[in-house]
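# Descriptive analysis of the structure
Spelled out, the chains give:
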Amino acid sequence: MTNDSELLRQQARQQELKYIKNNKRKMMIFSILSITALLLIWHFVVTFRLVNTRFLESPVTVINTIITKFTDINPDGGYLHQHIIESAKVVWVGFLVGSLVGIPLGLFMGWYRIFDHLIRPLFEMVRPIPALAWIPIVLLFLGIGVAARSAIIFFGSFVGIVLNTYVGVRQTNQVLINVAKTCGASNFEIFYKIGIPSAMPMIFTGLKTAMGAAWATVVAAEMLSASKGLGYMIQMGRMYGEVSLILAGIIVIGIFGLISSWMIGCLEDIVLKWRPKNHEN
Amino acid sequence: MKKILTFVLLASVVMSLTGCGGTDTATDTTTPQSGSGSNALTKVLTSGQNVVQTSVPLVAGDAMGTWKELGLEVEKTSYVSGPPQLEANPSGDWNIGWIGATAAITGILKYDMNVIGLSGYDYSNVAFAREDSDIVKAGDKGVAGTLGTAEEWRGKKIIVGVGTVNYADLMLTLKELGLSANDVTIINMDISTGMQAFLSGSGDIWFGSSTYAIQVAAKPGYKTIHTMQGMDAGMAGNIIANRDYLSKNEDAVVKYLEGSIEVLLWLNDENNANQAADWFVQGMKQDFGVEMTKIDALDNIKQTGFKDLKFYESLCEEGSDGLTGLQREFKKFYEYHVIIGSQKEENMQKVLDAVDCTYLKKAIELYKKDHNIS
């Protein structure tokens, strides 16, 4: 009897895993189809001149530019892989510093009322300031190197991390808190063992949002000063009126933004492996 | 139901894109008239930048009422550099622009523009280093207009606006020194931000011009290490317009150029330098929020080479090489850009074909007739 039920359980588990795998594959196909559809619409629009095509190159031209840029330094003086590395460096440094500052800040603001009342007014003042507005200040204090550009990325990404972390910890299930209190746990123990794990899903949501914001801010950061980088390459495309170069930079930023978000998603799967996976019935 | 909704959404996206228009000419380029009746002024939208040769003629022409007398109502927009100025043209922000040579070339190759005239020649392009720099200590080593040698310049961080005349100046300088862009670190910043960064300690060398260069020169601790004038490589401001606009508004363009010649000849007269300096100060304050002293403005005016009527007449004369004077001058500018690698030799003919002095010729004839000059 026990063997039968064990066997049934195993079979059910295998079926479930098979279903999840098929579902993932199906979702991946839908994602690829949507990008393909966008490229086809773009190509269709340019080919049949449905919009002003003087300043819109076809996707074929743009993809060709991307491929060519790996071996051609003109007109901006750098290869595409050099630009990618430079931008990735700036983005990840700014993002990591934003995470290191933003996550603890959000956790403490969300859990300890005194901390919240102390920090919130300052945070609310900083929140609406766009990353670009920090450029003159950053220029004076940090100069024009990687630190300065990463600081702009930091300002662009840390707000989202703080907000999501704050909401995540505030949404901690009160029942769990009460049970912990009943078991004699201190406030700090409850914060550490219940509050932080409860907030992790929202923290990762904040990290993914912040990563998108970081890549979106890299063009502004490299406007400050740069000799390499995808934002710099886009600026150079603008200087020389090379629309395909501008679009190539935009698409590559999009691709690396996607890769970066995927990397955070993988980390999330590892850290939150205890979380039940939702799937369609 | 979901599939139908998805299809409807997709179709409406495609249809709305269709509604954005399918022609290459985004705006109506026929010049509007303002006022009514036979005295109606023809409106011309013009644009300039923040250097003498592309700013002062516009301020002066407005202040003296030059274009109004010719039946034109000229409205001016100012831009901090050539690229944003060019970007604003397709949407109709301006019809006739005053612009640097580097951006004029981009205008020809990417924005369907023609060069129809020249302004003054800018000799204010300079480079600065801090006085403790090894370049300053090396002194004049025989490289035209430049201190130091390749050894001192190699590896330096140079702040400059890429795609501008300052950048062309830098590249020519590196070529004179026997260096290339790979031998230095070029940091792209627009002229005002670059100046601030340099003054706050960033970079080793800054390439600038005009009022910004004068501000840096006035500060202790900074030395001029290069002048474009020393290389005898001054580039003129250019007057450009979209080809479609030119073909539909010949009368307005010729009158505009007639007014421009009048203003440029006025600026060529040394006796008017003081007034020109006043107008430069006024223009920089109003359009760019930049405060400058009259002395600095006067220095700038003196560093700009405005020309006489004979020069403008020579621009319209065809030489033995089959090129007009205007084409020959612009060819020089283009050759600088080929030398420094930012343009290709194979586009030379396309560029020269877009340098058109027919309007200028008519404008000069009109000017001479109106001023009883034979």
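Residues numbered from 1 in each chain as written. Chains lettered and ligands numbered in written order. Predicted model: local features only at pLDDT ≥ 70, side-chain atom pairs only at ≥ 80, totals over all residues. Heavy atoms only, no water.

The next thing to look at is the interface of chain A and chain B. Often the size quoted for an interface is simply the accessible area lost on bringing the parts together. Listed as interface residues are 28 residues of chain A and, on the opposing side, 36 residues of chain B. Each partner contributes to the roughly 2,700 Å² buried at the junction of chain A and chain B, and carbon and sulfur atoms together form 57% of this total. When residues of chain A are sorted by the area they lose upon contact with chain B, Arg 54, Met 239 and Tyr 240 of chain A head the list and together hold 25% of the total. Across the chain A-chain B interface, the total number found is two salt bridges. The salt bridge partner of Glu 87 of chain B is Arg 238 of chain A, with a shortest N-O separation of 2.5 Å. Our count for the contact surface shared by chain A and chain B stands at two residue pairs in polar contact (both at pLDDT 80 or more). Every element with two or more residues in the side of chain A that touches chain B is listed here: helix 1 (2–47), helix 5 (135–142), helix 8 (187–224) and helix 9 (230–239) of chain A. Take the side of chain A that touches chain B: its biggest share by element is five residues, from helix 9 of chain A. Here the side of chain A that touches chain B is built from residues that sort into 16 nonpolar, eight polar and four charged. (Contact = heavy atoms within 4.5 Å. Buried area = accessible area lost by both parts, 1.4 Å probe. Salt bridge = Lys/Arg side-chain N within 4 Å of Asp/Glu carboxyl O. Polar contact = N/O pair within 3.5 Å; in protein donor to acceptor, adjacent residues only side chain to side chain. Helix = DSSP H or I, 4+ residues; strand = E, 2+ residues; numbered from the N terminus. Nonpolar A, V, L, I, M, F, W, Y, C, P; charged D, E, K, R; others polar.)

Right, let's get into the UniProt feature "transmembrane region" (unreviewed entry) in chain A. Residues and elements named next belong to chain A. UniProt records the feature "transmembrane region" (unreviewed entry) for residues 27–45, 90–114, 126–145, 151–169 and 243–264 in the present numbering. From the first C-alpha to the last, residues 126–145 spans 23 Å; its make-up is 45% helix and 0% strand. Strand forms 0% of residues 151–169 and helix 100%; the C-alpha atoms that close the span are 26 Å apart. (UniProt positions renumbered as here; feature names shortened; annotations may be inferred.)

The subject of this paragraph is the state of the cysteines. Residue and element names in this part refer to chain B. One pass over the full model with this rule turns up zero disulfides over all chains. No disulfide involves Cys 316; its sulfur sits 4.3 Å from the nearest other cysteine sulfur, which is in Cys 357. Here Cys 316 falls in the buried class, since its relative accessible area comes to 11%. (Disulfide = S-S within 2.5 Å. Buried < 20%, exposed > 50% of the residue type's maximum accessible area, 1.4 Å probe, protein only.)

By size, the foremost hydrophobic cluster in this structure holds 180 residues, and its most contacted members are Trp 153, Leu 170, Trp 206, Tyr 256 and Phe 330 of chain B. Ranked by the residues each element gives to this core, the list is headed by helix 8 of chain A, at 15 residues. When near neighbours in sequence (up to four residues on either side) are disregarded, Trp 206 of chain B contacts Val 126, Ala 127, Phe 128, Ile 159, Ile 191, Gly 194, Met 195, Phe 198, Tyr 212, Ala 213 and Val 216 of chain B. Core analysis: the next-biggest nonpolar cluster, separate from the first, contains eight residues, Leu 105, Phe 154, Phe 158 and Tyr 166 of chain A among them. (Core = buried A, V, L, I, M, F, W, Y, C linked by side-chain atoms within 4.5 Å.)

Attention now moves to the domain arrangement of chain A. Residues and elements named next belong to chain A. For chain A, the domain assignment lists domain 1 (1–56) and domain 2 (58–271). Both faces combined, the contact of domain 1 with domain 2 buries some 580 Å², and carbon together with sulfur accounts for 85% of it. On the surface where domain 1 and domain 2 come into contact, there are zero residue pairs in polar contact (both at pLDDT 80 or more). Tallied by class, residues from the side of domain 1 that touches domain 2 come to five nonpolar, one polar and no charged. (Domains from an automatic or database assignment.)

Another point: the domain arrangement of chain B. Residue and element names in this part refer to chain B. Segmenting chain B into domains produces domain 1 (2–122 + 234–370) and domain 2 (126–231). Computed over C-alpha atoms only, the centres of domain 1 and domain 2 are separated by 28 Å. With 19 residues of domain 1 at the contact, the number on the domain 2 side is 15 residues. Interface area lost by domain 1 to domain 2 is led by Thr 102, Met 235 and Ile 340, which between them contribute 29%. Summed over the shared surface of domain 1 and domain 2, the result is zero salt bridges. Linking domain 1 with domain 2 are one residue pair in polar contact (both at pLDDT 80 or more), by the criterion used here. For the side of domain 1 that touches domain 2, the residue count by class is eleven nonpolar, five polar and three charged.

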